[in-house]
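# Structural overview for review
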Amino acid sequence: MLKAIKEKMNSGLGQDVIWTFILQIAIMLCSFCINKILANRLSIDDFGQFNLIKRSVQVLSFIMLAGVGIALPRYIPRYKNSTPPQSIIPLLSASLIYIIVVSLVVFFICILFSTKVQDIVIGQSENVYLFTVAIAYAFILALIQYVFAYYRGTSSFKWYNGSQLAMQILITLPLLLIPFLTVNKVFLSWLIITCLLTVFLFFRETSSYYKQTKHLPFEIHVKKHLATIAKYSSGRLVGDFFQFSLSAFPLVYISNVQGLQPTAYFSVGITLVTMVTPLFSFIGIILLPYVSKAMARNELSSASRVVSQLTLFYVVASLVITAIIYILIRSLIIIFFAEEYVVTTDISRIMVFSILPQALFLLYRNTIDAVSEIPYNAIFLGICIAAMAISFSFCTTLTEFAYAYLAVSILQGLLSFVTWQILKNRNTTA
């Protein structure tokens, strides 16, 4: 058994898992530090607005990314493992064009409905400066996620995780160095830093390709590839919107119904969940290109066995982590936030039970997207966001909101589990 484990750890997949696990842990620690600094340096109202903008920007950036973050890790391995192998340059060019077109549409909508969108994104309608910074930051995040997707597709997991860790470290620095911290200054500094890192990564990959081929990595004849990306990504675009809406919607809704202070309190529970779930997303990061390659080689049965083994690991690990957080939650809130947020202990305890179902979703979403062109994730995420909107409309207290959030998370995990079982059986018996 020890020999078998050692062989797996020394394999390509094993090395990817080890590197991803180590660096994702570091990224999670940076996220802890960021929340701790902001919870202490911003007022409760400002911290509530920060979390509202952060979640809203995540939704906007993934709309602008237009599903390419999933499409590239799926199609790059397929292009490379096809017979004969295909060049991925037209695919990359088509993906970038698609992102730019979708982003322009989003910009136009934001301008056309500026007042209403400002209320949703930043929680106020008279701060054009902050709104502009938030929209620009969302676009830059979409571009850097495009680079991350390229690294996933090419199995460059050291660069995939390392560049994300670099970004987390860099955006932490201004939070320590800026004398009088405000929400405006936070997002402006993050916009500048992320823009510079994106330019660096683009320049690195472009110059590396040019040195090898003496050609720029861009192809104008991309009609066929653009159709492939658009067909696959369109459903994932909707799915990405629904997925990030599940964490943004509660804060937007509570902000509009009860104000920024309750929003800040509710964000503690969501943050505790979302700071832990990256631990469960790291294997999913690797599984999408891994299962896509298995599909191209007709080796899905072997990949399915790996997923089954990971399911057991995810269940045990998530239950252990949930128990630890539940028991130590008061101390964790003081450590990662501030003394003022201890009042959220009871609602946060309810919400941490969402870790298990969300962990299962993070495991299965990539395998589902690798196996099927039909956007099943988008379908059941749409069901979840509808369930959340309906259940929240009947809630009047933060405790009721917390139970509604937990119920939707359970539905999310259950739907993803059932969907994967159906798709796995269908494709392995075909």
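If you're wondering where the values come from, they're calculated on a predicted model, not measured in any experiment.

### Quick word on the overall build of the protein chain
Across its full length, the protein chain carries 17 helices and zero strands. The buried share of the protein chain, taken over its 430 residues, is 54%. For the protein chain, the proportion of contacts with a sequence separation of at least 24, taken over those separated by at least 6, is 80%. Of the roughly 18,900 Å² of accessible surface on the protein chain, 69% is carried by carbon and sulfur atoms.

### Brief notes about the nonpolar core
Counting 134 residues, the largest nonpolar core has Leu38, Trp190, Phe266, Phe337 and Tyr341 as the members making the most contacts within it. For this core, the element with the most residues is helix α7 (residues 128-153), which contributes 17 residues. In this structure, Phe266 is in contact with Pro250, Leu251, Ile254, Ile347, Met351, Phe392, Leu398, Phe401, Ala402 and Tyr405, ignoring residues within four places of it in sequence.

### Details of the packing of aromatic side chains
Using the criterion set out here, one finds 28 aromatic pairs in the structure. An angle of 75 degrees between the planes, with centres 5.9 Å apart, marks the rings of Tyr253 and Phe392 as edge-to-face. Residue Tyr253 is found in helix α10 (residues 223-258), and its partner Phe392 is found in helix α16 (residues 376-393); the two are separated by 139 residues along the sequence. Residue Tyr253 is classed as partly exposed on the basis of its relative accessible area of 22%. Taking the relative accessible area as the measure of exposure, Phe392 reaches 0% and is therefore buried. Relative to Tyr341, the ring of Tyr265 lies with its centre 6.2 Å away and its plane at 80 degrees, an arrangement referred to as edge-to-face. With a gap of 76 residues between them, Tyr265 in helix α11 (residues 260-276) and Tyr341 in the loop between α13 (300-336) and α14 (345-351) connect regions that are remote in the sequence. Here Tyr265 and Tyr341 have matching classes, each one buried. Here a set of aromatic residues connected by ring pairs shows up, and it is made of Phe47, Phe50, Tyr137, Phe187, Trp190, Tyr265, Phe337 and Tyr341.

### Observations regarding a nonpolar patch on the surface
Taken together, the side chains of Leu312, Val316, Val320, Ile324, Tyr326, Ile327, Leu328 and Phe353 make up a nonpolar region of the molecular surface, amounting to roughly 770 Å² of accessible area. Note on placement: Val320 falls in helix α13.

### Description of the packing of helix α4 (residues 68-80) against helix α15 (residues 355-371)
Here α4 crosses α15 at 50 degrees, and the two axes come no closer than 10 Å. In terms of orientation, α4 and α15 fall into the oblique class. In this structure, α4 crosses over α15, and the sense of that crossing is right-handed. Only Asp369, Ala370 and Val371 of α15 make contact with α4, whose side of the interface consists of Ile70, Arg74 and Arg78. Its residues assigned to classes, the contact of α4 with α15 shows three nonpolar, no polar and three charged.

### Observations concerning the environment of Ile335
Topologically, Ile335 is positioned in helix α13. Separated by 303 residues in the primary sequence, Ile335 and Phe32 place their C-alpha atoms 9.2 Å from one another.

### Here we look at α11
With 17 residues, α11 extends 24 Å from end C-alpha to end C-alpha; this agrees with the ideal 24 Å at 1.5 Å per step. By the largest-angle criterion, Val268 marks the main kink of α11, which is about 25 degrees. Counted residue by residue, α11 has 14 buried out of 17 residues, so it is predominantly covered.

### A few points about the environment of Pro262
Along the chain, the position of Pro262 falls in helix α11. Taking the C-alpha atoms as reference, Pro262 lies 9.6 Å from Thr397; in sequence the two are 135 residues apart. Each residue touching Pro262, except ones within four places of it in the same chain, is listed here: Ile254 and Leu398.

### Some thoughts on the side chain of Ser255
The topology assignment puts Ser255 in helix α10. Ser255 gets classed as buried once you look at its relative accessible area, which sits at 13%. What Ser255 contacts, discounting residues up to four positions off in sequence, is Leu52, Leu260 and Thr263.

Conventions used here
Residues numbered from 1 in each chain as written. Predicted model: local features only at pLDDT ≥ 70, side-chain atom pairs only at ≥ 80, totals over all residues. Heavy atoms only, no water. Helix = DSSP H or I, 4+ residues; strand = E, 2+ residues; numbered from the N terminus. Buried < 20%, exposed > 50% of the residue type's maximum accessible area, 1.4 Å probe, protein only. Contact = heavy atoms within 4.5 Å. Areas by Shrake-Rupley, 256 points an atom, 1.4 Å probe, with all protein chains shown as cover. Core = buried A, V, L, I, M, F, W, Y, C linked by side-chain atoms within 4.5 Å. Phe/Tyr/Trp six-rings, centres within 6.5 Å; stacked < 30°, edge-to-face > 60°. Patch = residues over 30% accessible without salt bridge, like charges linked within 9 Å, V, L, I, M, F, W, Y side chains within 5 Å. Salt bridge = Lys/Arg side-chain N within 4 Å of Asp/Glu carboxyl O. Axes fitted to C-alpha atoms, helices over the stretch in contact; angles between N-to-C directions. Parallel < 35°, antiparallel > 145°, perpendicular 65-115°, else oblique. Left-handed = near helix turned anticlockwise from the far one by under 90°. Nonpolar A, V, L, I, M, F, W, Y, C, P; charged D, E, K, R; others polar. Expected span 1.5 Å × (residues − 1). Bend = angle between axes of the 7 residues up to and from the residue.

Shape descriptors only; they carry no functional weight alone.
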